[in-house]
Structure formats: C-alpha cells, structure tokens
Amino acid sequence: MEKQVVEYPCAWSFRIIGKDRELMQDAVAVYMKETQYLLQPSNTSRSGKYVSLNLETVVLNEEIRNQIYVDLKNLSCVKLVL
C-alpha cells in the first residue's frame, strides 16, 4: 500500500480518549497554549468509563504533527490518541 501524500500546512484532527473530559479539556488548553485549535466533545463508551474529544488544528509539517501526537499521548489524563 502506498503512503498517503499529505500537503502541508493542513488541518489535522486527533481523537483523544480518556476517563475525564474536563481534565482532558484543561490539559489540551495548557498544551496548545497560543495555538489556534478547535476541541469538541465526541463519543462516550457504552459503559460511560471513557470519553473522547476531537482536536483539530493546523499543522505545518509532518514533524510537528507527529510531535503533537506524542505530546498528547504523554498527557497523564489521556489513555489513547488516534
């Protein structure tokens, strides 16, 4: 399968999954600081144990996109980033 070609800068969406929506929202706000972004509530697991947020921001290149992914994944309140 060929690697998808992405033209930068572009809007990129991350799905962030964790247990506490408010804690995740606060952590994303601190992390993103002055960067423009849109953060919207998404799904809740059937049991209600996990919630997800959709984070959309403009990324300038693949390195920045990958760094955001790693940094979000390393937030203590985040269980998974897609």
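Structure: above.
Reading guide: rules and limits
Residues numbered from 1 in each chain as written. Predicted model: local features only at pLDDT ≥ 70, side-chain atom pairs only at ≥ 80, totals over all residues. Heavy atoms only, no water. Helix = DSSP H or I, 4+ residues; strand = E, 2+ residues; numbered from the N terminus. Contact = heavy atoms within 4.5 Å. Polar contact = N/O pair within 3.5 Å; in protein donor to acceptor, adjacent residues only side chain to side chain. Core = buried A, V, L, I, M, F, W, Y, C linked by side-chain atoms within 4.5 Å. Buried < 20%, exposed > 50% of the residue type's maximum accessible area, 1.4 Å probe, protein only.

Trainee: I'd like to hear about the environment of Met24, residue by residue, with values.
Mentor: Of note, Met24 is situated in helix H1 (residues 21-32). Linking Met24 and Cys77, residues 53 residues apart in sequence, is a C-alpha distance of 6.0 Å. Dropping the residues within four chain positions of it, Met24 is found in contact with Ile16, Ile17, Gly18, Val51, Leu53, Cys77 and Val78.

Trainee: Which residues make up the side chain of Thr57, and what values do they have?
Mentor: Mapping Thr57 onto the fold places it in strand E3 (residues 51-59). A distance of 2.8 Å separates a polar atom in the side chain of Thr57 from the backbone oxygen of Gln36. Other than its neighbours up to four places away in sequence, Thr57 contacts Cys10, Ala11, Trp12, Phe14, Met32, Thr35, Gln36, Tyr37 and Ile68.

Trainee: Please give an account of the nonpolar core that cites residues and values.
Mentor: Counting 17 residues, the largest nonpolar core has Ile16, Met24, Leu55, Leu72 and Val78 as its most contacted members. Within the residue set of this core, elements represented by two or more residues are strand E1 (10-18), H1, E3, helix H2 (62-73) and strand E4 (78-81). Beyond its immediate sequence surroundings of up to four residues, Leu55 is in contact with Trp12, Ser13, Phe14, Ile16, Val28, Met32, Tyr37, Leu38, Leu39 and Leu72.

Just distances and angles here, no functional claims.
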